[in-house]
Structure formats: C-alpha cells, structure tokens
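Below are the chains, spelled out letter by letter.
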Amino acid sequence: MNKNARGSLIRPVPLPDSASWPVVTPLSPSVVYASETPDALDAQYEGAVHGYTYSREGHPNADVVAIRIDAMEGAEGGVVTSSGMAAVTAVLMGLLETGDHVIGGNQLYGRSLRLMAEDLPRLGINTTLADPGDVEAMRAAVRPETRMILVEVVSNPTLRLADIEGLAALCREKGLLLVVDNTFTTPRAIRPFELGADIVIHSITKLLAGHSDVMLGYAVARDPELNDRLRVFSVTTGLTPSPFDCWLAERGLLSFDLRYDRAQATAAALADHLAKLPGVKRVIYPTRSDHPDLALSQALLKGQGCNMVSFELNGDRAAANAFARAADGLSFAPTLGDVGTTLSHPASSSHRALTSENRAALGISEGFFRVSVGLEDPEALKQVFTTAIAEATVTS
Ligand SMILES: *Cc1c(COP(=O)(O)O)cnc(C)c1O
C-alpha cells in the first residue's frame, strides 16, 4: 500500500498500474527501500519475508545477475561484486585468517599475484606460488597451516592448463579449499564445481558481460556458510556493485553462449591460420597438437579451446611495434573477452615488471602477443593478421 498515491509530497510516487510487465529487467538505482511499518521491517530482517533495505546490502539488479551466473555454474547463492578483483579480495580476505597460508598458481592474473605477494603477507597471511599443472609441486608447497589453493584454469598469456581434478583430489586429501578463477574458460567450457572445486570466481568484466563497458565480479562457494561469509564481507567492506553495471552485465549475459561459441570457433581457426604464416615462430592454443598440456586440455575442456590465442612473431620489439601499427581495426588494449578482437603485448604490459630473464623463462619474448578473439568475420580477421604480420616481419 502506498501512502502518497497522488504524489503531493516528494516521495514516493507509485508507478502507474499495469496488468502487463516489462520483458527487460527494470533498472533499480534506488539506494534505499521503504517499508510499511517497523513490524514489516522486523519480518524482513528476520527472514520471514524477502525485501531490500539499502543497496550496499543488496539490490534486485545484482540478484538477477547472481541468479543467472549461479545457473550457468550449477551453483547457488553467488555474490556479485564491483569488479573481478573485488571477488578475489572477498574470497582471500573474507575467508582467511592471520596465520593462515594460501598457495596460488604461479601465473595468476597480475593483480591477484600482487594481492598474494604484497597485501596478504602484510596481514600475516603467508603465500606460496607453484605450478598448477603440477600437482606434486603444489603438494610440496602445502604446510600444516595451508587453507586454500587458488588457480586459474588457463593461464595468461601462455595458455597453460591447471590440473583441476588432480588439485581437487589434493585439496580433499589435505582439507583445503580449492578456489578456481574461471574467467578465461567460463562455465561454457568448464564448470569447476563438477570437478571438485569449492569456490568459483569470475571477472564478469571479461567474457560474461563481453562489451568492455562494465566492470563486475562474482564469487560463489559450494558451502552456503562460506557464501554467507563472502556476502557479509563484501557488504561490510563495500565491494557491492552498482545497479546500472549489473543491468548492463545482464544484457551481456543474454548473448554470452552465442558470443563464446563464435569467438572460440574463430580463435581455433585463427590459431591454425597463424601457424602457417612464415612470420610466426610459434602459436599457443589449447586444442593444437603442439600444445604442451594437450592431454590436460582435452580432459578438462573436452575438445573445446577458448577465445584466446597467443603467438610469437619472428622478430623483436621493432616487429611488435610494426605489427600493432599494421593490425588495422584491432584494438591494442589490455583486456579480453570483448566483442571486438583485442591484442595485448605482455612484455610491455602485464609482464613488464618481470626481468627479461624471467619473461624468457615463461616463453614471453618481445615478439609475443596475446589475442582475445572477438566476433568479427573469421576470414576478414585472418586477412588482417596475414597482412599485418607480413608487413611487420618484412620491415623489421
Ligand atoms: C581481469 C581478471 C581479473 C580481475 O577482474 P577485474 O574485473 O578487472 O577486476 C581476475 N582474474 C582474471 C583471470 C582476469 O582476467
């Protein structure tokens, strides 16, 4: 019942009645929600009825996104956060205690690595990095106070695979939480809960939203009690997302399956095409027979690849500059999962802080590029690469 139906005071003016309803989720930017009486509010806080109070605590647009990603992951009760890093932070800082130890994959997303290397140790949480494709290396890093292992399924930018099932078995044996950042692979390629993971993280910013116009994250635990802790931590620390960002992300999610399938098919074709070009030294793609983790890739991704292709030009920084300049119509930009194809050059961006020896150990030279394949016409895209690579490797 609305007390001010004629709208003579400032708030609230009720919406006009309608026997029909919108097909698009309404955007609900309201920061606060009004209740009828203190008793009604009590009923809400006690959980007898569902209702919103204050948007940092939750709002319809975030809930709609959470419900959709929950369904994709085969999960329940996921939390949407203001960025992918907010989700990583909620999991690491919301669930670990001072004195705990956590093991991370040694090729995690750059900011996740930084959180592990700088911020957790400052709070007395010790960290170790190890190769997530090598269960025995991970096992060797386990200590009595280890609580958690955090990995990504496919690493950036060398596209190496984590042994998710092997790590799940190790975690079960040792009583650890296995946390999988599924951003690169998405639930279209792998659903980590089905392989024994305990917590799944996404940067919705990337493929799930898919249009590079919104920054959001998501985290969900299999255990409802851990989900409650993630939710309370993100509400208390203000990691909550904005309704408009959630509204945009939902719009992106509606076409996610189609976008993923198209980008992946194009990426596989582009990888094979690049491997035939004389200016290309090496191509990395999970389904190619020369991929170092082919067996793992087939076991985990079931013949699928992903929308990312990495390759090495025959040439140095000058060739890399020439290629970026000549790759007309592709954005040279440090993100992934956009509708348009983007190029990244790890030596000058994500991996610039490493020494060139450390980069060389990872196989990242000045000629190394990571391609996030978008939705362009596959033949047109191949043509752009053919031309730009020929130009770059001749002029250098
Ligand atoms: C981008 C990314 C993140 C961080 O997400 P943001 O939305 O940029 O904060 C975390 N993990 C992976 C694998 C990513 O690619």
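Reference entry: report on the structure contained in this document.

Conventions and cut-offs
- Residues numbered from 1 in each chain as written.
- Predicted model: local features only at pLDDT ≥ 70, side-chain atom pairs only at ≥ 80, totals over all residues.
- Heavy atoms only, no water.
- Core = buried A, V, L, I, M, F, W, Y, C linked by side-chain atoms within 4.5 Å.
- Buried < 20%, exposed > 50% of the residue type's maximum accessible area, 1.4 Å probe, protein only.
- Helix = DSSP H or I, 4+ residues; strand = E, 2+ residues; numbered from the N terminus.
- Domains from an automatic or database assignment.
- Contact = heavy atoms within 4.5 Å.
- Pairing = 2+ DSSP bridges.
- Near = heavy atom within 4 Å.
- Polar contact = N/O pair within 3.5 Å; in protein donor to acceptor, adjacent residues only side chain to side chain.
- Areas by Shrake-Rupley, 256 points an atom, 1.4 Å probe, with all protein chains shown as cover.
- Nonpolar A, V, L, I, M, F, W, Y, C, P; charged D, E, K, R; others polar.
- Phe/Tyr/Trp six-rings, centres within 6.5 Å; stacked < 30°, edge-to-face > 60°.

## Remarks on the nonpolar core
Okay, step 1: Core analysis: the largest hydrophobic core is formed by 84 residues, its most contacted members being Ile 164, Leu 178, Ile 204, Phe 311, Phe 323 and Phe 385.
Okay, step 2: Counting residues per element, this core draws most heavily on helix H10 (residues 256-275), which supplies six residues.
Okay, step 3: Both domains that meet at this core, namely domain 1 (38-254) and domain 2 (256-395), each give it at least three residues.
Okay, step 4: Excluding its chain neighbours within four sequence positions, the residues that come into contact with Ile 164 are Val 151, Val 153, Leu 178, Val 180, Ile 190, Leu 195 and Leu 300.
Okay, step 5: Ranked by size, the runner-up nonpolar core spans 26 residues in total, among them Leu 96, Met 116, Ile 125 and Leu 150.

## Let's talk about the pairing of strand S12 (residues 368-372)
Okay, step 1: In terms of burial, S12 is largely enclosed, as five of its five residues are buried.
Okay, step 2: In S12, alternate side chains face the same way, and those of Phe 368, Arg 370 and Ser 372 on one face and Phe 369 and Val 371 on the other are all buried.
Okay, step 3: Judged from the five bridges that link them, strand S9 (residues 308-313) and S12 form a sheet pairing that is antiparallel. In the strand pairing of S12, Met 308 is matched with Ser 372.
Okay, step 4: In this structure, strand S11 (residues 342-344) lies alongside S12, joined through three bridges in antiparallel fashion. By the bridge assignment, Ser 344 is partnered in S12 with Arg 370.

## Topic: the site of the ligand
Okay, step 1: Taken together, 14 residues lie near the ligand, and Gly 84, Asp 181, Ser 203, Thr 205 and Lys 206 sit nearest.
Okay, step 2: Between the ligand and Ser 203, the relevant distance is 2.8 Å, taken from an oxygen atom to a side-chain nitrogen or oxygen of the residue.
Okay, step 3: Calculation on the ligand without its partners gives an accessible area of 380 Å², and the protein chains cover 95% of this total.
Okay, step 4: Per-class residue counts for the shell around the ligand are six nonpolar, five polar and three charged.

## Here's the deal with the side chain of Ser 344
Okay, step 1: Mapped onto the elements of the fold, Ser 344 is located in strand S11.
Okay, step 2: With relative accessibility at 4%, the residue Ser 344 sits in the buried group.
Okay, step 3: Every residue in contact with Ser 344, bar those within four places of it in the chain, is listed here: Phe 332, Ala 333, Phe 368, Phe 369 and Arg 370.

## Description of the packing of aromatic side chains
Okay, step 1: The full count for this structure, using the stated rule, is eight aromatic pairs.
Okay, step 2: Judged by centre distance (5.7 Å) and plane angle (85 degrees), the rings of Phe 311 and Phe 323 are edge-to-face. Note that Phe 311 is positioned in strand S9 and Phe 323 in helix H12 (residues 317-326), a separation of twelve residues in sequence.
Okay, step 3: Overall, the relative accessible area of 1% leaves Phe 311 in the buried class.
Okay, step 4: Judged by relative accessible area, Phe 323 falls into the buried class, the value being 0%.
Okay, step 5: Between Phe 323 and Phe 385 the ring centres are 6.0 Å apart and the planes differ by 40 degrees, which places this aromatic pair in the tilted class. Highlighted residues: Phe 323 in helix H12 and Phe 385 in helix H14 (residues 378-395), separated in sequence by 62 residues. You'll find Phe 323 and Phe 385 in the same group, each marked buried.

## Considerations on unusual backbone geometry
Of all residues except glycine, most have a negative phi; of all peptide bonds, most are trans.
Okay, step 1: Residue Pro 157 follows Asn 156 across a cis peptide bond; omega there is 0 degrees.
Okay, step 2: Along the chain, Pro 157 turns up in the loop between strand S4 (146-152) and helix H6 (164-174).
Okay, step 3: Residues other than glycine seldom take positive phi values, yet Thr 186 does so here, at roughly 65 degrees.
Okay, step 4: The residue Thr 186 is located in helix H7 (residues 186-189) in this model.
Okay, step 5: Phi at Ser 212 takes a positive value of approximately 50 degrees, unusual for a residue other than glycine.
Okay, step 6: By secondary structure assignment, the location of Ser 212 is in the loop between strand S6 (199-203) and strand S7 (217-221).

Everything listed is a geometric property; what it means functionally is a separate question.
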